[in-house]
Amino acid sequence: MTTRQTAGLGHMIGGKVAPAAVVIFGASGDLTHRKILPAFYHLQKNGHLPEGMAIVGFARRDQSEPQFREGLRQALEDHSHTHPIDNAVWASLEPHIYYQKGDLANPEDYVRLAERLRTLPEAAAFGRNHLYYLATAPNFFPIVAENLGKAGLDAREGTGGYRRLIVEKPFGTDLPSARALNQILHQYFPEPCIFRIDHYLGKENVQNLLYFRFANSIFEPLWDRRYIDHVQITVAETQTIGTRGAYYETAGASRDMLQNHLMQLFTLIAMEPPASLEAESIRDEKVKVLRSVPTPTPEEVLRNSVRAQYGPGILNGKTVRPYREEDRVSRRSLVETYVCLRLEVDNWRWSGVPFYLRTGKALGHQYTEICIVFHRAPCVLFAHNLKRIARNWLKIRIQPIEGIHMIFNTKVPGQPAIEEARMDFYYRRQDHYFPEAYERLLLDALNGESTLFTRSDEVEQAWRIIDAVQAAWREEDLDRLPLYAPGSMGPVEAEELLRREGRRWGDPPCEQEEELRE
Ligand code: BG6
């Protein structure tokens, strides 16, 4: 038996929320089908949704309500993380799903939406509670907010109930555009009504970071520059750009992944203990970390970052064309599909401890991991059999196989020699349901719980750092980026960045990890 105590970090998955109308803008898109609808299905399946909920898809496509529902049913088959689909659950959800044809840019369509919301059979139950999900292209974010405002559907006035906005990433493309977007959204939705999604925060082992650090007394005393040599954060992906060329050309790895997902992991690892588990306490500490990262000068960026693109090669037995030959990608593109950045945090806890962040597409392994690498033990005792004793590593695996792994030195039995040993903890267990990130985030937004969403100042601080990187890269004026082979772990330059400081990247998870878990 394990003892469970509930803490206030988000609402626990459990208990029901108040009825609400959830309006999904961009409802015919990929995100609705892959993530949002399956999340609702699982929330319904697990008994989290009350009677009186309505889900309204808003999109331009000319389709009937039955067609829309049928498309979602198919999406469940294709994307649900549990199978088979439970027909009884679907039957209880389907009648509450509606389709409202509309043009995001047309204010009159929002007036029609308002009318529809007022007349839905569930309206008496959900009242004024509206949750708007912006699953659209980012250029529509301000347009939708403004049109909601014009139709009186925003959060400025009225009593009882709520009007909340979920905003997908990317939130801006740099600091000025993020600020401008914040300003427009704030005209219609005050900050507590805005839920900026970073789906990494909904991942179980990401939420577990705070529990791991602050619900134990054995790790936190070691969590600073006295004991930690450096920290590595890796988000490695095997997938190539595929059909996302047009978007990716405007983003690259630094805007697509580094500014948001990696920065979030970084702040959770580096933050001070919050005064409470309330959303604002936690977010205050995260912002403080970002503020403690000095804006890098162009010279520092060039010394401490690596950007690269995948070239041609073979990945998992398949031929991969180089990034520059992907669809809707410029043949002269300088967009990075790999980025590595060395950051320092200029505060009492971390001064002098580098944080190395890296992410890339078309790599040889698919995993997300944080490595806390401790200082070497003084080796005078063992100098006779080893030049240098290996450092101790604490590896926190976020995905795909969530776990925590400690690597330490032991004596080889029967010999006066040292070898590395590991202690492995696997997080996923048979008796626990593992919700998908979007389930958790949707439930939290329905509850008005914003811990796992990014606050405006967090987003802006992260852009401050990324903007400095981008500016230095622009000045560099290259005509081609370093290439790396698909299936590798990135460019040699990233290996070199660590090697010149006497360090190395952690090994990727071993192939047999699934078996080790058994
Ligand atoms: C998205 C990025 O935010 O995160 C994608 O736009 C990336 O490029 C994805 O593949 C990774 O998410 P996950 O949950 O699969 O690690």
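These numbers come from a predicted model, not from an experiment.

Caption draft 1: A look at the pattern of salt bridges. A full pass over the atoms with the stated rule returns 37 salt bridges. A salt bridge links Asp284 to Arg455; the shortest N-O distance between them is 2.9 Å. Residue Asp284 is found in helix 10 (residues 279-291), and its partner Arg455 is found in the loop between helix 12 (437-447) and helix 13 (456-476); the two are separated by 171 residues along the sequence. The salt bridge partner of Glu496 is Arg499, with a shortest N-O separation of 3.0 Å. Separated by 3 residues within a single helix, Glu496 and Arg499 lie in helix 14 (residues 492-499), roughly one turn from each other.

Caption draft 2: Main features of helix 4 (residues 107-119). With 13 residues, helix 4 extends 19 Å between its outermost C-alpha atoms, agreeing within 8% with the 18 Å of an ideal straight helix rising 1.5 Å per residue. Those residues of helix 4 not exposed but buried are Asp109, Tyr110, Leu113, Ala114 and Leu117. Take helix 4 and look down its axis: the buried residues cluster within an arc of 150°, on one side only. When the buried face of helix 4 is taken as reference, the exposed residues oriented beyond 90 degrees from it are Glu108, Arg118 and Thr119. Contacts from the buried residues of helix 4 go to strand 1 (21-25), strand 2 (54-59), strand 3 (97-101), helix 5 (123-126), strand 4 (130-134) and helix 6 (141-150). The distance from a side-chain oxygen at the start of helix 4 to the backbone nitrogen of Glu108 is 3.0 Å, and the residue carrying that oxygen is Asn106.

Caption draft 3: Just the site of the ligand, in detail. Around the ligand sit Lys169, His199, Tyr200, Lys203, Glu237, Gln239, Arg244, Asp256, Met257, His261, Lys361 and Gln399, and that is every residue in its neighbourhood. Between the ligand and the protein, one listed contact pairs an oxygen atom with a side-chain N or O atom of Arg244 at 2.7 Å. Here the ligand has 400 Å² of accessible area as a free molecule, and 81% of this is covered by the chains. Partitioned by chemical class, the residues of the shell around the ligand number 2 nonpolar, 4 polar and 6 charged.

Definitions and cut-offs
- Throughout this description, residue numbers start from 1 for each chain and increase along the sequence as written.
- With the structure being a predicted model, the display of local features is reserved for residues of pLDDT at least 70 and the display and counting of side-chain atom pairs for 80 or more, all residues being used for whole-chain, interface and lining totals.
- Excluded from the side-chain calculations are hydrogens and water; all other atoms, namely the structure's heavy atoms, are used.
- Whenever a carboxyl oxygen of Asp or Glu lies within 4 Å of a side-chain nitrogen of Lys or Arg, that contact is scored as a salt bridge.
- Note on conventions: DSSP H or I runs of at least 4 residues are helices, E runs of at least 2 residues are strands, and numbering of each starts at the N terminus.
- Between the first and last residue of a helix there are one fewer steps than residues, each counted as 1.5 Å, and that sum is the expected span.
- When accessible area is computed with a 1.4 Å probe and restricted to protein chains, residues below 20% of their type maximum are described as buried, those above 50% as exposed, and intermediate ones as partly exposed.
- The directions from the helix axis to the C-beta atoms form the arc being described.
- We call two residues contacting when some pair of their heavy atoms lies within 4.5 Å.
- For the purposes of these results, a polar contact is taken to be a pair of N or O atoms within 3.5 Å, where, inside protein, one atom must be able to donate a hydrogen and its partner to accept one; residues adjacent in sequence count only when each atom of the pair is a side-chain atom.
- The cutoff for a nearby residue is simple: one of its non-hydrogen atoms must lie within 4 Å of the molecule or strand.
- In these tables, accessible area is a Shrake-Rupley quantity obtained with a 1.4 Å probe, and a residue counts as shielded only by the protein chains included in the view.
- Asp, Glu, Lys and Arg are counted as charged, while Ala, Val, Leu, Ile, Met, Phe, Trp, Tyr, Cys and Pro are counted as nonpolar; the rest, among them Gly, fall into the polar class.

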